[in-house]
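The chain contents come next:
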Amino acid sequence: MLSAEDTDLLCRVGPGTPMGELMRRYWLPVGYSWEYETDGQPQRVRVLGEDLVAWRASDGTPAFTEPQCPHRGAGFFYGRNEESGLRCAYHGWKFDASGQCVDMPNEPAESNFRRKVRIRAYRGADYGGVTWIYMGPRQDDPPGVPQFEWGLTPPENVSHAQKIVYECNWMQALEGELDSTHVYVLHRRLNADDSPRYGLFHNDQRARFHIEEKPYGFTYGAERSELDGNVYWRTTQFLFPVYGMFPAQDGVVPLSVYLPVDDHHTLHMGVWWNPAGAMPGAAQEYGRPREALAEEPGMLAPGVGPMKPEQRGRFFSKWWPQAAPDSDFLMDVRAKRARNATGIPTVRLQDSAVIHSMGRIMDRTREHLGTTDVSIIRARRMLLRAAMQLREDGTPPPGSERPQDYYVRSCAAILPPGADWEAELDDWHNCRTSEPPRKVAEANRAFKERALPGEPAYRT
Ligand code: FES
Ligand SMILES: [Fe+2]
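Residues numbered from 1 in each chain as written. Chains lettered and ligands numbered in written order. Predicted model: local features only at pLDDT ≥ 70, side-chain atom pairs only at ≥ 80, totals over all residues. Heavy atoms only, no water.

Visitor: What is the right way to look at the overall build of the chain in this model?
Guide: In terms of regular secondary structure, the chain is built from nine helices and 18 strands. In terms of principal-axis extent, the alpha carbons of the chain reach across some 85 × 50 × 45 Å. A buried classification covers 56% of the 460 residues belonging to the chain. For the chain, contacts bridging at least 24 residues in sequence account for 62% of all contacts bridging at least 6. (Helix = DSSP H or I, 4+ residues; strand = E, 2+ residues; numbered from the N terminus. Buried < 20%, exposed > 50% of the residue type's maximum accessible area, 1.4 Å probe, protein only. Contact = heavy atoms within 4.5 Å.)

As C-alpha cells, this is what we get:
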C-alpha cells in the first residue's frame, strides 16, 4: 500500500514535481528516427506533461521546441521546417533548433529585435534508430545517451517491435514489467499441452524473488522449480527511470520503455535484439513496428496490432492502437473459453488491458501487496528515494550520468539446484558473451519439441 501523497509523488511528472524533475535528468526516447524527416513536417509530441513540436533541422539535428509562437501565439505545427529552422506560418518568424529567433521578415530590416526572442528548446539526439530528448538543466553539456546494447548492434540484429500510446500513468505500466508472477497467469494458455503459440505455461506459479540493487536500478531473479528438479530462473532488469528488460528467450533480449507523456498517458516502445546475429525480418522492418494480428482467435501475435487512423490534432498522432479501452482490447470470448486466459490477441495487449483497467492513476491506497510484489515495492522505494535526494541536495539519480551502465541484458535460464544464478549468468547479463547461457538453449529446444511440428517458437 502507498499513501495518496506518496502515490502522487511517484506518479506525477509535470514541471516542478519531484518525479518530473528526476525524469528531466535523463535522455528519454520519444520516437523512431525515421519519423522526424530532415526539413519535414513538425510532429506534435508531449513529454513529461509538456507539449512540444519535434522536427529535424536541415543538418539532421533533432529539435524539440515549444508549440506556440511567441509573436502572437500561432501553433508551430502549421509552420514550415526549412533552411535550418522552423518558420511560423502566420508572420514568418523563424527559430533554430536551439530556440533562437533567426528571422523576422515582418520587422524592419535594420531591427535587432529577433536577437532578443527565444523559445523553449530541448536537446535532441539519435541513437539506435531512436530519437531522444533531454529536458534537464544541462542543455549545453548534457550527459550521454544510455548505451543500450541494441544501439551498438548491427541494425539487422534489432527489431523495433512496437510503439503505442497508453491511456494511463507510466508507473503502473512499469510495475507490470517488473511483476514476474503475472506471466504464467495473465499470459497463459489454458491447456498445458497446447502449442506455445496460444500462450505461456509453467507448473510453478509461486516464484521466489532475489533482488540485487545496481547503480542503474536493480536486477532480480525469479526462481521456479522445474519438474525434473532443476531451477528455472527468469531475470529482469529495472533501469532508471522508465525501462524494464523482462527475460530473454532464445537469446533475444527485450527492452520496454514507458515514457511518461503526462500523468495520464504513457508511450510504450518495445525493442528486441539478438546479440548473436540477425533477427528474422529485422533489417526490412528496422524501426517499423509490426502491425499484424493473428488470424486465428486465441493464437498470439507479436506486437500490438494495427493503429487507429491517424488521430489528427493529438500528440503522437500515428500511435493510438485499435486495441484500447474503447474496444475492450479486442477480447474474443471464444478464444478466452478455448485457448488463452484473456482472449486478447497479443501478450503486450494483455498487459495493456490490465494496466488500463486500474484507472488512469492506480489508487494504491487500496492495494494489498504480497510477498511476490517485492520487486514493485523496491522500484517504488528507489524511485521515491532518488527523487527526494535530488530535491534535497541535488544528488544525480541512478544511472543519469552513467550511460555505460545501460549495457546489460536479462535472460531466462535453467540451472542446477543450488547454482549461484548471478555468478552463472554474469557474462550474459553484462554483455561479455553473445552465447546465451547453455541451459537456456537446451531448455528452449525441449520447449520447441513439445510444440506441434512447424510452429514458430513463442514470442511476445
Ligand atoms: S504568430 Fe508566429 S510569426 Fe506571428
Ligand atoms: Fe506481461
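Visitor: Quick question: what am I supposed to make of the coordination of the iron ion (ligand 2) here?
Guide: Note on metal geometry: ideal angles are 109.5 degrees for four donors arranged tetrahedrally and 90 or 180 degrees for six donors arranged octahedrally. All of the protein donors around the iron ion (ligand 2) are H182 (NE2), H187 (NE2), D351 (OD) and D351 (OD); their distances to the metal are 2.0 to 2.6 Å. Classification of the site at the iron ion (ligand 2) rests on its four donor atoms, whose angles at the metal span 55 to 149°, yielding the label irregular. (Donors = N, O, S within 2.8 Å, 3.2 Å for Na, K, Ca; no water. Tetrahedral: all angles 85-135°; square planar, octahedral: opposite > 155°, others 65-115°.)

Visitor: Hey, could you run me through the pairing of strand β3 (residues 50–56) in this one?
Guide: In regular strands, side chains alternate between the two faces of the sheet. Most of β3 sits inside the fold, with six of its seven residues counted as buried. Linkage of strand β2 (residues 43–47) to β3, two consecutive antiparallel strands, is achieved through a turn of two residues, within which L48 is found at a positive phi near 50°. Both β3 and strand β4 (residues 62–65) contribute to a ladder of four bridges, which runs antiparallel. Bridging from a neighbouring strand, A54 pairs with F64 of β4. Following β3, the chain reverses through five residues before pairing antiparallel with β4; G60 in that reversal takes a positive phi of roughly 95°. (Pairing = 2+ DSSP bridges.)

Visitor: Teacher, can you tell me more about the sheet that holds strand β7 (residues 94–95) here?
Guide: What the four strands build is an open sheet, ordered β5-β6-β7-β8; its pairing is antiparallel. Only two strands of the sheet have a single partner each, and these edge strands are β5 (80–81) and β8 (101–103). Where β7 meets β8, two bridges bridge the pair, whose relative direction is antiparallel. Looking across to β8, one finds that K94 is bridged to D103.

Visitor: Where do I start with the side chain of N157 in this structure?
Guide: Within the secondary structure, N157 sits in the loop between β10 (130–134) and β11 (158–166). Note on N157: relative accessible area 6%, which makes it buried. Excluding its chain neighbours within four sequence positions, the residues that come into contact with N157 are W272, W273, N274, P275, G277, A278 and M279.

Visitor: Help me understand the confidence of the model for the chain in this model?
Guide: One rule of thumb: low pLDDT means the predicted coordinates there are not for detailed reading. When pLDDT is averaged across the chain, the result is 92; 93% of the residues are at 70 or more. Confidence over residues 452–460 falls short of pLDDT 50; this stretch has 18 contacts with residues more than four positions distant or in other chains. (pLDDT = per-residue confidence, 0-100.)

Visitor: Just checking my understanding: could you explain the packing of helix α1 (residues 4–11) against helix α7 (residues 374–393) for this structure?
Guide: The description of two helices packed together rests on the angle between their axes and the distance between the axes. Following both chains from N to C, one finds α1 and α7 inclined at 75°, their axes separated by 10 Å at the closest point. Accordingly, the angle class assigned to the pair α1 and α7 is roughly perpendicular. When α1 is examined against α7, the residues D6, L9 and L10 are found in contact with a partner set consisting of R380, L383, L384 and M388. The residue inventory of the contact of α1 with α7, partitioned by class, reads five nonpolar, no polar and two charged. (Axes fitted to C-alpha atoms, helices over the stretch in contact; angles between N-to-C directions. Parallel < 35°, antiparallel > 145°, perpendicular 65-115°, else oblique. Nonpolar A, V, L, I, M, F, W, Y, C, P; charged D, E, K, R; others polar.)

Visitor: Teacher, can you tell me more about the domain arrangement of the chain here?
Guide: Size of an interface, as often reported, equals the accessible area lost when the parts are brought together. Considered domain by domain, the chain is made up of domain 1 (28–134) and domain 2 (149–450). Distance between the C-alpha centres of domain 1 and domain 2: 34 Å. With 20 residues of domain 1 at the interface, the matching set in domain 2 holds 26 residues. Contact between domain 1 and domain 2 buries roughly 2,000 Å² in total, counting both sides, with carbon and sulfur atoms accounting for 60%. Summed over the shared surface of domain 1 and domain 2, the result is two salt bridges. For the pair domain 1 and domain 2, the interface holds eleven residue pairs in polar contact (both at pLDDT 80 or more). (Domains from an automatic or database assignment. Buried area = accessible area lost by both parts, 1.4 Å probe. Salt bridge = Lys/Arg side-chain N within 4 Å of Asp/Glu carboxyl O. Polar contact = N/O pair within 3.5 Å; in protein donor to acceptor, adjacent residues only side chain to side chain.)

Visitor: How do you make sense of the packing of aromatic side chains when you look at a structure like this?
Guide: Two aromatic rings are characterised by how far apart their centres lie and by the angle between their planes. Scanning the model with the defined rule gives 25 aromatic pairs in all. Taking the centre distance of 5.8 Å and the plane angle of 70° together, the rings of Y32 and W319 count as edge-to-face. Highlighted residues: Y32 in strand β1 (residues 27–32) and W319 in the loop between β17 (265–273) and α5 (333–338), separated in sequence by 287 residues. Judged by its relative accessible area of 0%, Y32 falls in the buried class. An aromatic cluster of at least three residues, connected via ring pairs, comprises Y127, W132, F148, W150, Y243, W273 and Y406. It is R44 that lies over the ring of F77; its NZ or CZ is 3.6 Å from the centre. (Phe/Tyr/Trp six-rings, centres within 6.5 Å; stacked < 30°, edge-to-face > 60°. Lys NZ or Arg CZ within 6 Å of the ring centre and 35° of its normal.)

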